[in-house]
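Fold and contact review
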Amino acid sequence: MEGNGGRARVQWLSFGMSRDSAERAVRIKAYVLLGVPLMIIVTAAGFRAVGASPLVLLFPAGAVVGTIIIAEAILASGDRAGRLAARLLEGATGVPYEQAYSAEEALVAQGRYEAAAAAYRAHIDADPRRLLPLVRLADLTLRHLGDPIEAERLLLEYRRRAGDPLAVSNQLIDLYRRTGNRGRLMAELSRLSAHHPGSAAGRAARKELHSLKGDFESS
């Protein structure tokens, strides 16, 4: 029988294989979409240039090389653009970009929530410096596993590791709204408004805080 460690290793390898397979599929699709029209264009140009000469065989070979170069350049450019967009959004979410956990997201989409949670935990255990899995696991735990207490613990652990008293404030505020925890919601809103009094987020937090206080006093 496999021990827990054996099952974890097999599961971990399957996640890696899924991610690699997805990347290969994207790469192959890019080669086909670029290669077929480029092959036709270059081969036609070769016939026009050298006719039926054996030299015409060099043109399809050149098209293959050109396809690989162009496709890889486009894929690399897209990856850089994705990382840049994620970093631009970092300030709005309060969660730094690390990587896209596509295999885990696929498990969530399939309704395999426990498997996705195990995968995120494996990331957290493997490298404590990775913080994004904590947020992903917290969201999964709250939305699909119905455990707001554990979700809060994960978000507060993220904050502790990040060393930032305002880290994941938005996520905690959403959690307290969902669970109706007015006391902790008010404390989080107060912290956010005090640290960013002149920002739009700070003003919105202060407005909601005043509304909650008014509801509490009138009740």
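Here goes a summary of the coordinates provided.

Cut-off values and rules
- Residues numbered from 1 in each chain as written.
- Predicted model: local features only at pLDDT ≥ 70, side-chain atom pairs only at ≥ 80, totals over all residues.
- Heavy atoms only, no water.
- Salt bridge = Lys/Arg side-chain N within 4 Å of Asp/Glu carboxyl O.
- Helix = DSSP H or I, 4+ residues; strand = E, 2+ residues; numbered from the N terminus.
- Buried < 20%, exposed > 50% of the residue type's maximum accessible area, 1.4 Å probe, protein only.
- Arc of directions from axis to C-beta.
- Contact = heavy atoms within 4.5 Å.

1. What to know about the pattern of salt bridges
This model, assessed by the stated rule, comprises eleven salt bridges. Between Glu105 and Arg136 there is a salt bridge, with its nearest N and O atoms 3.2 Å apart. Separated by 31 residues along the polypeptide, Glu105 in helix α3 (residues 102–109) and Arg136 in helix α5 (residues 132–143) bring together distant segments of the chain. Judged by relative accessible area, which is 41%, Glu105 ranks as partly exposed. Residue class for Arg136 comes out partly exposed when judged on its relative accessible area of 23%. In this structure, the salt-bridge partner of Arg160 is Glu157, at a minimum N-O distance of 2.6 Å. Of this pair, Arg160 and Glu157 both sit in helix α6 (residues 148–162), three residues apart, roughly one helical turn. In this structure, a network of salt bridges that share partners links the residues Glu157, Arg160 and Arg161.

2. Remarks on helix α7 (residues 169–179)
Among all positions of α7, only Ser169, Leu172, Ile173, Leu175 and Tyr176 are buried. One face of α7 carries all of its buried residues, which in axial projection span an arc of 160°. Considering only its buried residues, α7 is in contact with α5, α6 and α8 (182–195). The first or second residue beyond α7 is Gly180, which carries a positive phi of 70°.

Without other data, these values stay purely geometric and don't point to any function.
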